[in-house]
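Structural description and commentary
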Amino acid sequence: MVGCSSDEMRQETGEVENFISILSEHNLCKDINGWSKLPEADRDFVLHTHNGDILLQVSQIPAEDFVFPISRVEYNSGRYRRFINQAPGEIPLAVDNARLNTSIKRSIQRKIEEPYMESDHETHWLLIFSTSSYPETDCCVRGHKRDSEPVSIARDYLKNHDPILFNQIWYSNPVTIPVRIWPIFLTKDAK
């Protein structure tokens, strides 16, 4: 993988293993019975299923995409509400809400606009992941569970984008189970 360290490779492989495990455990996809890494492809994996293989591209949203350093005075001012902690004794990084809210969409947009080589696989999935708890996947409004702003913005972008190479697009972070961004799961509460 060009420009990717062995630590990044291990992290991506761990994300794929965790993703598959959670999909199976929560009955989000029961068909996956194994996986393999494509050696020549950049961030590509193959999920083996009873119905054929799925090409899985993986993309990370780095925290640097939506955080920035602040001074002790800024931290103590109360101006910022969200942070990502650093080493003990260091000032946490502040979260830029506007960039956070568009982080999933921007990651999807980069992958959709990227020139993509032809594949023997008929089914293509995209897994976007974050190693922090941000962006969140849902929120509670007046006692009702709703998609978070980053998820809603990504889905709105995809509704207005055609064609979409990926049959399914997922987002995962270490706090929640993976959320399918596209196509949208419809529930009895969905309108």
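Scope of this entry: the structure provided in the associated data block.

**Observations regarding the side chain of Arg106**
- Relative to the elements of secondary structure, Arg106 occurs in helix H4 (residues 103-113).
- Using a relative accessible area of 14% as the deciding quantity, one classes Arg106 as buried.
- Of the polar contacts made by the side chain of Arg106, one reaches the side chain of Asp65; its length is 2.9 Å.
- Ignoring anything within four residues of it in the chain, the contact list for Arg106 reads Asp65 and Arg99.

**Digging into the sheet that holds strand S6 (residues 93-95)**
- Read across the sheet, three strands follow the order S4-S6-S5 without closing on themselves; strand pairing throughout is antiparallel. Strands with a single pairing partner mark the edges of an open sheet, and in this sheet they are strand S4 (67-68) and strand S5 (83-84).
- Here S5 pairs with S6 via two bridges, running antiparallel. Paired with Ile84 across the two strands is Leu93, which belongs to S6.

**Digging into the pattern of salt bridges**
- For the structure shown, the criterion picks out six salt bridges.
- Arg155 is paired through a salt bridge with Asp147; the nearest N and O atoms lie 2.5 Å apart.
- Where salt bridges share partners, they join Asp65, Arg99 and Arg106 into one cluster.

Thresholds applied
- Residues numbered from 1 in each chain as written.
- Predicted model: local features only at pLDDT ≥ 70, side-chain atom pairs only at ≥ 80, totals over all residues.
- Heavy atoms only, no water.
- Helix = DSSP H or I, 4+ residues; strand = E, 2+ residues; numbered from the N terminus.
- Buried < 20%, exposed > 50% of the residue type's maximum accessible area, 1.4 Å probe, protein only.
- Polar contact = N/O pair within 3.5 Å; in protein donor to acceptor, adjacent residues only side chain to side chain.
- Contact = heavy atoms within 4.5 Å.
- Pairing = 2+ DSSP bridges.
- Salt bridge = Lys/Arg side-chain N within 4 Å of Asp/Glu carboxyl O.

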